[in-house]
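# Coordinate inspection notes
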There are 2 protein chains.
Amino acid sequence: MALNYVKDFEIVRKVLSEYLEENGQRKTPERYAILEEIYKMDSHFDVEDLHIQMRANDFRISRATIYNNLELLLEAKLIRKHRFTKGMARYEKSYFNSQHDHVILTDTGEVIEFCDPRIQHIKKTLQEVFNITIESHSLHFYGIRQK
Amino acid sequence: MALNYVKDFEIVRKVLSEYLEENGQRKTPERYAILEEIYKMDSHFDVEDLHIQMRANDFRISRATIYNNLELLLEAKLIRKHRFTKGMARYEKSYFNSQHDHVILTDTGEVIEFCDPRIQHIKKTLQEVFNITIESHSLHFYGIRQK
DNA sequence: ATAACTGCAAATCATTTGCAGATCT
DNA sequence: AGATCTGCAAATGATTTGCAGTTAT
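Summary of the structure given here.

The rules we used
Residues numbered from 1 in each chain as written. Chains lettered and ligands numbered in written order. Predicted model: local features only at pLDDT ≥ 70, side-chain atom pairs only at ≥ 80, totals over all residues. Heavy atoms only, no water. Least-squares fit on C-alpha atoms with pLDDT ≥ 70 in both. Contact = heavy atoms within 4.5 Å. Patch = residues over 30% accessible without salt bridge, like charges linked within 9 Å, V, L, I, M, F, W, Y side chains within 5 Å. Areas by Shrake-Rupley, 256 points an atom, 1.4 Å probe, with all protein chains shown as cover. Salt bridge = Lys/Arg side-chain N within 4 Å of Asp/Glu carboxyl O. Helix = DSSP H or I, 4+ residues; strand = E, 2+ residues; numbered from the N terminus. Pairing = 2+ DSSP bridges. Axes fitted to C-alpha atoms, helices over the stretch in contact; angles between N-to-C directions. Lys, Arg positive; Asp, Glu negative; His and termini not counted. Charge placed at Lys NZ, Arg CZ, Asp CG, Glu CD. Buried < 20%, exposed > 50% of the residue type's maximum accessible area, 1.4 Å probe, protein only.

What follows is about the relation of the copies chain B and chain A. Structural alignment of chain B on chain A gives an RMSD of 0.0 Å, achieved by rotating through 180° and translating 0.0 Å along the axis. Such a turn and shift between the copies fits a two-fold axis. Relative to the rotation axis, the closest C-alpha in chain B is found at Leu139 of chain B, a distance of 2.2 Å. Mapped onto chain A, 100% of the interface residues of chain B are again interface residues, and the two copies thus contact each other with one and the same surface.

Below, the structure written as structure tokens:
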């Protein structure tokens with residue numbers, strides 16, 4: 001997916017444009033710059049990572065603006081937000097990524113992604129049993145690597 | 001379980017005593033008071049709830065002490081900690097409660113507990129596939145009640 | 001006696017907010 | 001033009017920490 005991120009980026013840029021139009025929000029250079037940096041990344045990042053990366057690419061931007069726009073990208077479903085541990089929240093691009101869950105290795109901080117269909121079965125059962133509509137979920141396993 | 005919480009409390013009091021002895025930590029009245037108030041509760045609570053309840057029962061205690069000792073009770077596995085939403089963390093007694101997971105209804109804030117054996121199957125698979133030992137997990141579904 | 005604990009107030013740290021000036025439409 | 005946005009700096013709010021006085025062992 002990193003191979004043709006230019007084409008990918010054209011797509012998410014369009015998704016963002018449509019979202020902004022539908023909501024009467026302005027198309028600022030900051031928004032596209034943030035989106036582009038995020039879609040260049042290959043893994044999870046926090047606000048500081050993103051800020052540093054943008055400054056390294058000569059894009060001056062404040063943290064407040066990053067926070068504001070991560071919220072916007074979240075609403076546009078272009079990113080996902082996680083709280084693996086205390087401290088900063090972490091984010092990841094979501095557009096070409098299928099839903100997955102995470103194992104956090106607590107000694108190293110490493111995060112493993114996995115996908116297990118049984119989680120969808122649990123979701124389906126819950127919806128029927130409690131007569132609810134489930135919109136999202138968060139599943140984290142915490143463990144350590146075997147010695 | 002609320003019916004004979006006095007007997008239950010004798011048990012957890014003993015568990016705490018043993019934990020403190022094993023770790024060379026002091027048996028302060030605050031620790032037992034916090035434990036007792038928690039085991040009177042029938043559902044999730046946050047630091048503020050606990051503080052208010054203790055003061056209502058004429059036990060003067062500072063928030064710092066509550067925070068310190070919730071950490072200790074966590075290590076003693078006498079309580080569990082959750083972060084259902086942003087803001088304050090929430091806790092619950094864990095000694096007589098079997099492991100369960102949660103559905104959070106995002107419109108009302110209501111929290112439903114459930115237990116599904118398939119989560120243990122997922123855990124088992126992950127341990128084998130990644131050669132890891134999983135110590136805990138957190139599973140939250142977010143949804144709304146059907147209209 | 002003495003190491004651990006409590007409680008206050010101050011510090012921390014991620015995130016949010018107020019607002020003045022800049023910028024999309 | 002006019003509402004939205006950005007960016008600074010200050011505010012927030014949950015949690016942590018420093019430290020002086022207290023207490024369990």
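That covers the picture; the talk isn't over yet.
Further remarks concern a nonpolar patch on the surface. On the surface, Ile11, Tyr95 and Phe96 of chain A cluster together into a nonpolar patch covering about 250 Å² of accessible area. Mapped onto the secondary structure, Ile11 of chain A falls in helix 1 (residues 5-22).

Residue and element names in this part refer to chain A. Spatially, 3 strands are ordered 1-3-2 in an open sheet, and the strand pairing comes out antiparallel. Of all the strands in the sheet, just strand 1 (45-46) and strand 2 (79-82) have a single pairing partner and so form its edges. In this sheet, strand 3 (residues 90-93) lies alongside strand 2 in antiparallel orientation, the contact comprising 4 bridges. Paired with Arg80 across the bridge in strand 3 is Glu92. The strands that helix 4 (residues 63-75) touches are strand 1, strand 2 and strand 3; relative to strand 2, the one it contacts most, it runs at about 115°.

Further remarks concern a positive patch on the surface. On the surface, a cluster of positive charge is made up of Lys81, Arg83 and Lys86 of chain A together with Lys81, Arg83 and Lys86 of chain B. Locating Lys86 of chain A in the fold gives a position in the loop between strand 2 and strand 3. Residue Lys86 of chain A is classed as exposed on the basis of its relative accessible area of 71%.

Turning to the pattern of salt bridges, a few remarks are in order. Residue and element names in this part refer to chain B. In total, this model carries 16 salt bridges over all chains according to the counting rule given. Of the charged contacts, one joins Arg63 and Glu48 as a salt bridge, the two residues approaching to 3.7 Å between their closest N and O atoms. Residue Arg63 is located in helix 4 (residues 63-75), and its partner Glu48 is located in helix 3 (residues 47-56); the two are separated by 15 residues in the primary sequence. For Arg63, a relative accessible area of 33% translates into the label partly exposed. Classification of Glu48 as partly exposed rests on a relative accessible area of 32%. Between Asp116 and Arg118 there is a salt bridge, with its nearest N and O atoms 2.9 Å apart.

Let us now look at the pairing of strand 6 (residues 132-145) of chain B. A large share of strand 6 of chain B lies buried, amounting to 10 of its 14 residues. Strand direction decides the pairing type here: strand 6 (residues 132-145) of chain A and strand 6 of chain B, joined by 13 bridges, are antiparallel. Counterpart to Ile132 of chain A in the pairing with strand 6 of chain B is Arg145 of chain B. In this structure, strand 4 (residues 101-105) of chain B lies alongside strand 6 of chain B, joined through 4 bridges in parallel fashion. Looking at strand 6 of chain B, one finds that Ile104 of chain B is bridged to Tyr142 of chain B.

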